[in-house]
Amino acid sequence: AHPRHRKQMKPHQIDGFNFLLSNLMTDNPGGCIMAHAPGSGKTFMIISFLQSFMAKYPFSRPLVVLPRGILATWKKEFQRWQVEDIPLFDFYSVKADSRTQQLEVLRKWAEERSILFLGYKQFSSIVCDTNCSKAAASCQEILLTCPSILILDEGHTPRNQDTDVLTSLEKVQTPRKIVLSGTLYQNHVKEIYIMTNIISF
């Protein structure tokens, strides 16, 4: 971790950071679940890890999928904890509603050292789009092949009935996937199964 972050980390955050390190920055990376009570500093820990990850892998392109309502919180936390200026892209701030507009944002993210934020429904609507346009196909290709690491905040959110969401998340080609949850052991056993299933693809 960056020295500035290390000074602020509590013991459980250091353990969590090292857990991410051992699972995601190895020769044979996989997925993992970070489950801890709300307010335990999971976002800060992930931001710190992402900056270390991007320092080691400068061509990486992280994708964060999250409920739309917490996007502003993530951006605020990045501004607070960033040790370098990493561009943050999303569709909401630039009002990218059409596939052509979204493709423009996705291309900027793919070409520039940066991080992309998307809502769950937004992500699945692109990946499951049956529109045969070139813009729709290009958006799908970038989202499925470009991410170097996939972070799912409130990872217990997708459920069995959200078939499109679950199917689209499983199609992302990177093995590096992090599911964040603050309520893991309060959830139904099916939700735990869904989370472990997502990170195993």
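Just so it is clear, the model here is predicted, and its values are computed rather than measured.

The subject of this paragraph is the packing of aromatic side chains. One pass over the structure, following the stated rule, counts seven aromatic pairs. Over the ring of tyrosine 57 we find arginine 176, and its NZ or CZ is 5.0 Å from the ring centre.

This paragraph deals with the state of the cysteines. Here a disulfide denotes a covalent bond joining the sulfur atom of one cysteine to the sulfur atom of another. According to the stated counting rule, one finds zero disulfides in the structure shown. Cysteine 128 carries a free sulfur, and the closest cysteine sulfur to it, the one in cysteine 139, is 14 Å from it. The thiol of cysteine 146 is unpaired, and the distance to the nearest cysteine sulfur, on cysteine 139, comes to 12 Å.

In this section: the confidence of the model for the protein. For the protein, per-residue confidence averages 86 on the pLDDT scale, and residues scoring 70 or more make up 92% of the total. Averaged over each element, pLDDT in the protein is lowest for helix H9 (residues 189–200) (72) and highest for helix H5 (residues 99–111) (95).

Inspection of the entire model under this criterion finds five salt bridges. Note that glutamate 77 is salt-bridged to arginine 80, the shortest N-O span being 4.0 Å. In this pair, glutamate 77 and arginine 80 are both assigned in helix H4 (residues 71–81), three residues apart and thus about one turn of the helix distant. Among the salt bridges present, the one from arginine 99 reaches aspartate 129, with a minimum N-O distance of 2.9 Å. On the criterion of sequence distance, the pair formed by arginine 99 in helix H5 and aspartate 129 in the loop between helix H6 (120–127) and helix H7 (134–145) is long-range, its members being 30 residues apart. Overall, arginine 99 belongs to the buried group, its relative accessible area being 18%.

On to the nonpolar core, then. The biggest cluster of nonpolar side chains holds 33 residues, and the ones touching the most others in it are Leu63, Leu116, Phe123 and Leu143. Where this core is concerned, the elements lending two or more residues are strand S2 (62–66), H5, strand S4 (115–119), H6, H7, strand S5 (149–152), helix H8 (163–171) and H9. At five residues, H7 tops the list of elements feeding residues into this core. Beyond its immediate stretch of four places on either side in the chain, leucine 116 contacts Pro62, Leu63, Val64, Phe89, Asp90, Val105, Leu106, Trp109 and Leu143.

Mapping lysine 108 onto the fold places it in helix H5. Sequence separation of lysine 108 and phenylalanine 89 is 19 residues, and the distance between their C-alpha atoms is 8.4 Å. Setting aside residues up to four positions removed in sequence, lysine 108 forms contacts with Phe89 and Ser114.

Read from one edge of the open sheet, six strands run S1-S6-S5-S2-S4-S3, paired in parallel fashion. A strand with exactly one partner marks an edge of an open sheet, and here the two such strands are strand S1 (32–35) and strand S3 (88–89). As paired elements, S2 and S4 share four bridges and run parallel to each other. Within the sheet, the bridge partner assigned to leucine 66 lies in S4 and is glycine 119. In the packing of H4 onto the sheet, the strands contacted are S2, S3, S4, S5 and strand S6 (177–181), and the crossing angle to S4 comes to about 160°. Lying over the sheet, H5 contacts S2, S3 and S4, oriented at roughly 145° with respect to S4.

Another point: the side chain of arginine 61. Positionally, arginine 61 belongs in the loop between helix H3 (42–56) and S2. Among buried Asp, Glu, Lys and Arg side chains, arginine 61 stands out as unpaired, with glutamate 112 the closest opposite charge at 8.1 Å. Separated by 3.3 Å, the side chain of arginine 61 and the backbone oxygen of phenylalanine 59 make a polar contact. Once you skip the residues sitting within four places of it in the chain, arginine 61 turns out to touch Trp109, Ala110, Glu111, Glu112, Arg113, Ser114, Cys146, Pro147, Ser148 and Ile149.

Definitions and cut-offs
Residues numbered from 1 in each chain as written. Predicted model: local features only at pLDDT ≥ 70, side-chain atom pairs only at ≥ 80, totals over all residues. Heavy atoms only, no water. Phe/Tyr/Trp six-rings, centres within 6.5 Å; stacked < 30°, edge-to-face > 60°. Lys NZ or Arg CZ within 6 Å of the ring centre and 35° of its normal. Disulfide = S-S within 2.5 Å. pLDDT = per-residue confidence, 0-100. Helix = DSSP H or I, 4+ residues; strand = E, 2+ residues; numbered from the N terminus. Salt bridge = Lys/Arg side-chain N within 4 Å of Asp/Glu carboxyl O. Buried < 20%, exposed > 50% of the residue type's maximum accessible area, 1.4 Å probe, protein only. Core = buried A, V, L, I, M, F, W, Y, C linked by side-chain atoms within 4.5 Å. Contact = heavy atoms within 4.5 Å. Pairing = 2+ DSSP bridges. Axes fitted to C-alpha atoms, helices over the stretch in contact; angles between N-to-C directions. Lys, Arg positive; Asp, Glu negative; His and termini not counted. Polar contact = N/O pair within 3.5 Å; in protein donor to acceptor, adjacent residues only side chain to side chain.

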